[in-house]
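# Architecture and fold: a report
Here's the letter readout for the chains.
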Amino acid sequence: MMPEQGSWLPRAALWVGLITAARIAALWFNKTDLYVDESQYWFWGQRLDFGYYSKPPLIAWVIRTVTALAGSDAPFWIRLPGSLFHAATALILAALGARLFSARAAFWVAVSYVTLPMAALGSLLISTDTIMAPFFAAALYFHFRSVETGRAVPAALAGLMVGMAFLAKYAAVYFLLGGALAALFLPSMRIPFRNAILMAAVFALTILPNVLWNIGNDLSTIEHTMDNVGWLRGQSWLGSLNPAGLGAFLASQLAVLGPVLFAALIWGWARREGAMGRALTWFSLPVLVIVSIQALLSGAYGNWAIAAYFAGVLIAVSLLLTHAPAFLNLSLGINGLISLALPVLTIIAPVPEWNGRPLLERYLGQDDLSRQIITAARDAGATVIVARDRDVLADLFRFRDGFDIYAPDPVGRPGNYYEQNFPLPRYDGPVLLVASRAPVCDGSRVAAFRQFEVAGGAYERRGLAAFIVPAGCVDAKG
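Residues numbered from 1 in each chain as written. Predicted model: local features only at pLDDT ≥ 70, side-chain atom pairs only at ≥ 80, totals over all residues. Heavy atoms only, no water.

### A few points about the sheet that holds strand 3 (residues 384–387)
Ordered in space as 4-3-5-9-8, the five strands form an open sheet in which the pairing is mixed. Whereas interior strands pair on both sides, the edge strands pair on one side only; in this sheet they are strand 4 (404–406) and strand 8 (450–451). Contacts from helix 19 (residues 366–380) reach strand 3, strand 5 (430–435), strand 8 and strand 9 (465–470), with the element oriented near 155 degrees to strand 5. (Pairing = 2+ DSSP bridges. Helix = DSSP H or I, 4+ residues; strand = E, 2+ residues; numbered from the N terminus. Contact = heavy atoms within 4.5 Å. Axes fitted to C-alpha atoms, helices over the stretch in contact; angles between N-to-C directions.)

In structure tokens form, the structure reads like this:
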């Protein structure tokens with residue numbers, strides 16, 4: 001290691017540490033409820049396994065570990081890993097920046113990454129992207145170390161890290177694509193064949209438990225992933241391309257990376273400046289291209305290309321340092337304001353409002369509805385609660401308080417985790433059904449036992465109510 005490569009760490013760690021500490025403090029005062037995915041991840045952590053219906057298992061393991069150590073399942077502890085994982089990612093990428101570029105680049109990579117809008121949001125809400133982040137970054141670091149030294153240990157560690165990233169989110173396979181493309185087109189990025197085999201073997205061993213779980217569970221996670229992609233299911237796309245969806249997806253990337261860094265990244269891809277810039281391009285550009293094609297063919301969420309931006313931040317920062325350093329300050333200013341605004345919004349929720357609705361409406365009202373459902377079941381003397389809505393079920397399991405909670409028994413392949421694991425069994429008594437439409441039982445529409453108050457929250461437009469019905473009637477759609 002060159003002497004200057006170590007000089008970045010104290011200053012970068014100080015800034016990353018201060019920002020992370022502020023985020024953790026703000027998280028303590030966060031007034032939003034757990035989002036449906038967060039509640040589901042928590043529940044998975046109560047039933048540890050090597051895989052789950054829609055995601056690999058690492059996020060459940062992390063949440064279970066943190067909440068067990070804390071002795072609390074409060075939202076603060078469920079979400080706490082987000083800030084810590086993004087802080088670790090910032091420093092790992094900075095270490096790679098120091099090796100590939102300079103100590104100055106390392107510092108700016110650290111502060112630029114930790115203030116990214118995606119890092120700020122990922123520090124408020126726990127997600128699989130966040131859990132994947134430090135492992136993907138570490139895989140990059142060890143892979144470049146393997147290229148530099150030709151040694152087996154960094155190659156094995158790269159395989160382990162990308163395997164762990166894969167156990168967080170299957171988007172980690174983009175690392176394998178990037179490594180293969182870099183080796184194909186850049187001779188300097190090739191590692192000895194034995195090291196490549198070692199890396200692949202360690203990766204395969206790391207993900208093997210999840211592969212075996214999928215095989216034993218009808219490939220449910222793979223099937224769900226294919227459902228999301230859409231056109232892999234044979235849906236026709238000829239003549240029905242979605243340019244508006246592509247435009248919306250690309251526009252959303254400005255909010256993921258920040259407008260200055262995203263523009264700098266595109267500039268860096270176009271210039272492909274220097275050996276390291278060309279190498280990092282293969283770990284980033286193909287991801288955005290692939291997800292953009294998906295957006296055009298079917299649709300894509302803004303976070304689906306996040307795997308592009310671990311290498312992408314290195315490209316953007318190094319380019320701006322060389323050619324337009326003033327824009328790094330501009331980027332830090334813009335992203336810093338976003339990083340400040342997001343936690344403030346969670347602290348002052350339910351204000352502000354937009355068009356008469358709370359701006360953070362989708363993160364409010366979940367807990368209150370679950371409490372209303374439990375109260376209704378208790379008042380009705382029901383011991384079994386059935387809900388058709390996955391969102392309702394996700395939060396309801398956190399408040400079950402001795403009640404038996406089920407999804408309707410699915411017809412065909414289960415449509416979610418709850419239909420897969422908690423379908424309503426054969427039962428002769430009445431149940432409390434939570435639904436947005438009254439069911440028809442024995443030819444008559446059932447009157448609502450209780451209408452839930454859902455104004456100002458995520459369920460406001462669903463008109464949810466409780467119905468007391470025979471168990472055999474819960475599948476009636478109304």
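### Observations regarding the pattern of salt bridges
A complete count under the given rule lists 16 salt bridges for this structure. Here Arg357 ties to Glu361 by a salt bridge, and the two come within 3.3 Å at their closest N and O atoms. Classification of Arg357 as partly exposed rests on a relative accessible area of 25%. With a shortest N-O distance of 3.9 Å, Glu361 and Arg461 are connected by a salt bridge. Placement of Glu361 in the loop between strand 2 (357–358) and helix 19 and of Arg461 in the loop between strand 8 and strand 9 is noted, with a sequence separation of 100 residues between them. Via salt bridges that share partners, Asp37, Asp389, Arg390, Asp391 and Arg462 belong to a single interconnected network. (Salt bridge = Lys/Arg side-chain N within 4 Å of Asp/Glu carboxyl O. Buried < 20%, exposed > 50% of the residue type's maximum accessible area, 1.4 Å probe, protein only.)

### With respect to the state of the cysteines
Summed over all chains, the structure comprises one disulfide. With a sulfur-sulfur separation of 1.6 Å, Cys441 is cross-linked through a disulfide to Cys473. The chirality of the disulfide connecting Cys441 with Cys473 is left-handed, given an S-S dihedral of about -95 degrees. Within this pair, whereas Cys441 is found in strand 6 (residues 440–441), its partner Cys473 is found in the segment after strand 9, the two being separated by 32 residues in sequence. We note that Cys441, like Cys473, is buried. (Disulfide = S-S within 2.5 Å.)

### Considering the packing of aromatic side chains
Under the counting rule described, the total for this entry stands at 30 aromatic pairs. A centroid spacing of 5.6 Å and a plane angle of 40 degrees characterise the contact between Phe43 and Phe422, whose relative ring orientation is tilted. Placement of the pair is Phe43 in helix 2 (residues 36–46) and Phe422 in the loop between helix 21 (417–421) and strand 5, with a sequence separation of 379 residues. Like Phe422, Phe43 is buried. Here the aromatic residues Tyr41, Trp42, Phe43, Trp44, Tyr52, Phe397, Tyr417, Tyr418 and Phe422 are joined through ring pairs into a cluster of three or more. Over the ring of Phe107 we find Arg11; its NZ or CZ atom is 3.8 Å from the centre of that ring. (Phe/Tyr/Trp six-rings, centres within 6.5 Å; stacked < 30°, edge-to-face > 60°. Lys NZ or Arg CZ within 6 Å of the ring centre and 35° of its normal.)

### What to know about the layout of surface pockets
In this model, the second largest pocket occupies a volume close to 280 Å³. Contributing to the lining of the second largest pocket are 14 residues, with His143, Gly179, Ala180, Ala196 and Met199 lying nearest its centre. Broken down by secondary-structure element, the contributors of at least two residues to the lining of the second largest pocket are helix 10 (173–185) and helix 11 (193–216). It is helix 10 that provides the largest number of residues to the lining of the second largest pocket, a total of five residues. Among the residues making up the lining of the second largest pocket, the classes are represented as 11 nonpolar, two polar and one charged. (1 Å grid on protein atoms, 1.4 Å probe; cavity = no way out; pocket = protein on both sides within 12 Å on 5 of 7 lines; lining within 4 Å. Points joined across faces, edges and corners; volume = space filled by probe spheres on them. Nonpolar A, V, L, I, M, F, W, Y, C, P; charged D, E, K, R; others polar.)

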